[in-house]
Amino acid sequence: MSDKNDIQYKERSWLQNNVKTIYMAALLITLPSWGWMSWITLTQTSEQQLQQQVYSDIQLFADSLNSELEKYRFVPKMLMLDAGLVERTTRATSDHSGILANPYLQHIRQATNADEIFIVDPQGTTIASTKTSNIGIGYRHSPFFIAAKAGNSGGFFTLGLHAGIRGYYFSEPLFDPTTDEVAGVIVVKVNMARLERGWLNKATPMLITDNYGVIIASSTPSWLFTSLSPLSAENKQQIRHSRKYPMVSFPLLQTTTHKQIEGGQVVSLPRAGFKKVLEVNKFMPNLGWTIYGHGNLAAAKQSVQQGVAISSLLWVLLLSLAYVVTQRRLQFLETLHRREVNQARLQQAKDQLETRVAERTHELQESNLELKQTQQELIHSAKLATLGQLATSVTHEINQPLTAILTSADNAEQWLGRGQVDKARDKLAQIKTLAQKMGLITSHLKTFGRKTDDKNDWICPQVALDNAFALLQPRINQEQVETVIEDLSSFQVLANDVRLEQVFINLISNALDAMQLSQYRRLTVYCQTNATAVEIHFSDTGSGIDNDHLLQLFDPFFSTKDVGVGLGLGLTISYSIIKTMGGDLSARNSATGAVFSIRLRAASKSDRNL
Ligand code: ADP
């Protein structure tokens, strides 16, 4: 099974890798176009708004100018019906009787606020006027005179030749009631300056041109009597003939047209601050005049710039929002994907782990079984080794009764030969006792030598102890070792009897080994007990255990004995035997030598009843 994760993260998509670049590119590409479109749209809108505003301004002004002029138009119409005035005029023009009664005209002028009211005779000479200094002035070529002379109403704008005042002249014929001839012409002059007063102070320039394109009214006084376009020779001739103005040449107002828009045009005017203004005009058909109004594009441009800035900012925000939302979404999807992959990997790892644990457990179980078998074999081998060690002393122990049996048999034979049956019977009884003794020895060996499993039972440790001592007794006797053994027959411990005997033999043999060089040899077996355990101690008067060796005693192959004498497996095997019984084996030094302690589970009352 491979450790490498089989489940891989998906490659990041093209969009995920390039979302930032796309955003930057979109921003760089679209922002100028967006700004430019906003600029065009907002400029158009603001120009149209300005155009409408200027147009409504000049419309308003045209209306007020018209109504103002209309007011004066009625004055001569009214006066032409005045019979007294007609009669006086007729008389004055027919008999050249002189000046008409000016006080009457003066009265009318004051009442109407007109600039001047005067009467011209049929030859075109002023015969009466509210301005007496003007009497005698000729208007023979003036269109307003010519029109009235012809019996029509006249209206005419002119720059006064004498006073230099721009005025609008309304004229009506005065008919001689007897002949029905035009006996004179009544003229009412209105000063243009009066009409302009209302809009002169307008922040943006306003001007009126006449039918020749000559500026006759302007909010910028210096532009008066300049022209928007050069006058043709014919126009000049007409002006000269009508004496409309005292001059026929007019300086050109330096304007530049930048572009045409619907209902107006963008122009430059020769006045500081009006390099680019929106010009809107309106033709007044009844007067033949054109009114020009101007709107300040600079202010509009400023609001357009603000609008473009806001609109561009909004566009940037919109794109940024789209970018952030897209990026978040992509990140979320990636996180989701990674979480899913991680979960799948975890699951895979878990599955792999479970499989491995199952495999290992199986292997472990098998090796445990093997180990157990090996351990069993080892314990048995160790027992056989112990048996081998015991063989010498056991042989010696058996040899003695065997020799005695042979001798007794010889003796019994001799006594029978002599016919002394009783004595022969005694010898046979001795042989029987000796044979029984031998049987006891071999039965101990037989018990110890039998193969056993590792099953534990509640047993009395005394049996195993007696057996162990019985097997080692020849050696104990030989080495003159004193034994002090406490009676353990009242205890029940959880153990395997043959195995426990093996441990006892090992501990006793070690104690005998350790005491070999001791002057005084005593082996004491005593026990301590509590409710749950019994501790059996083997205390000797031997060499004791070197402090450095205390921790190694139970390690396999640890031995201080000569090669061939000790293998160093006795305590290791004893320790593992006691552990399988749920007990413990430990070692320490005492004042006299070493003490080895076996702790085993003690049987409670209920255990004993089992
Ligand atoms: P072996 O007897 O083959 O050396 P053991 O495992 O039985 O192996 O003992 C290990 C060692 O423990 C011995 O070599 C000895 O040094 C020490 N030992 C065991 N019992 C005693 C004892 N009663 N007194 C002193 N040392 C002991």
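Right above here is the structure, for reference.
The text that follows walks through the structure, step by step, so that each part is easy to find.

About the thresholds
- Residues numbered from 1 in each chain as written.
- Predicted model: local features only at pLDDT ≥ 70, side-chain atom pairs only at ≥ 80, totals over all residues.
- Heavy atoms only, no water.
- Core = buried A, V, L, I, M, F, W, Y, C linked by side-chain atoms within 4.5 Å.
- Buried < 20%, exposed > 50% of the residue type's maximum accessible area, 1.4 Å probe, protein only.
- Helix = DSSP H or I, 4+ residues; strand = E, 2+ residues; numbered from the N terminus.
- Pairing = 2+ DSSP bridges.
- Axes fitted to C-alpha atoms, helices over the stretch in contact; angles between N-to-C directions.
- Contact = heavy atoms within 4.5 Å.
- Parallel < 35°, antiparallel > 145°, perpendicular 65-115°, else oblique.
- Left-handed = near helix turned anticlockwise from the far one by under 90°.
- Near = heavy atom within 4 Å.
- Polar contact = N/O pair within 3.5 Å; in protein donor to acceptor, adjacent residues only side chain to side chain.
- Nonpolar A, V, L, I, M, F, W, Y, C, P; charged D, E, K, R; others polar.

### What to know about the nonpolar core
Thought 1: By size, the foremost hydrophobic cluster in this structure holds 56 residues, and its most contacted members are Leu-500, Phe-504, Ile-508, Phe-538 and Ile-598.
Thought 2: If you tally residues by element for this core, the top one is helix 10 (residues 497–514), at eight residues.
Thought 3: Residues Ala-114, Leu-231, Ile-239 and Trp-289 belong to the second largest nonpolar core, which totals 52 residues.

### A word on the sheet that holds strand 8 (residues 256–261)
Thought 1: In spatial order, the strands read 7-6-11-10-9-8; together these six strands make up an open sheet with antiparallel pairing. What marks the edges here is a single partner per strand, and that holds for strand 7 (215–218) and strand 8. With direction set aside, neighbouring strand axes in the sheet form an average angle of 30°.
Thought 2: Packing of helix 1 (residues 14–79) onto the sheet brings it into contact with strand 6 (206–209), strand 8, strand 9 (264–268), strand 10 (277–284) and strand 11 (289–296), and relative to strand 10 it is tilted by some 35°.
Thought 3: Each of strand 9, strand 10 and strand 11 is contacted by helix 7 (residues 297–417), which is oriented at about 40° to strand 11, the strand it contacts most.

### Remarks on the packing of helix 1 against helix 3 (residues 102–112)
Thought 1: Closest axis-to-axis distance for the helix 1/helix 3 pair is 11 Å, and the angle between their directions is 155°. Considered as vectors, helix 1 and helix 3 are oriented roughly antiparallel to each other. Relative to helix 3, helix 1 is oriented so that their crossing is right-handed. Residues Tyr-72, Val-75 and Leu-79 of helix 1 lie in contact with helix 3, whose contacting residues are Tyr-104, Ile-108 and Thr-112.

### Looking at the site of the ligand
Thought 1: Close to the ligand lie 21 residues; Asp-540, Ser-559, Thr-560, Lys-561 and Leu-571 are nearest.
Thought 2: Interatomic distance of 2.9 Å between a backbone N/O atom of Leu-567 and an oxygen atom of the ligand.
Thought 3: At 3.0 Å, a backbone N or O of Gly-568 approaches an oxygen atom of the ligand.
Thought 4: Sorting the residues of the shell around the ligand by element identifies helix 10, helix 11 (570–580) and strand 18 (594–601) as the ones contributing at least two each.
Thought 5: Counting residues per element, the shell around the ligand draws most heavily on helix 10, at four residues.
Thought 6: By residue class, the composition of the shell around the ligand is 10 nonpolar, nine polar and two charged.

### Focus on the side chain of Ser-129
Thought 1: As for its placement among the helices and strands, Ser-129 is situated in strand 2 (residues 126–129).
Thought 2: Side chain to side chain, Ser-129 and Glu-116 meet in a polar contact 2.7 Å long.
Thought 3: At a separation of 2.8 Å, a polar atom in the side chain of Ser-129 contacts the main-chain amide nitrogen of Lys-131.

### Concerning unusual backbone geometry
Thought 1: Phi is positive for Asn-113, close to 65°, though the residue is something other than glycine.
Thought 2: Position of Asn-113 among the secondary structure elements: in the loop between helix 3 and strand 1 (116–120).
Thought 3: Owing to a relative accessible area of 43%, Asn-113 belongs among the partly exposed residues under this scheme.
Thought 4: Look at Phe-225: it is not a glycine, yet its phi comes out positive at around 60°.
Thought 5: Exposure remark for Phe-225: the relative accessible area of 11% places this residue in the buried category.

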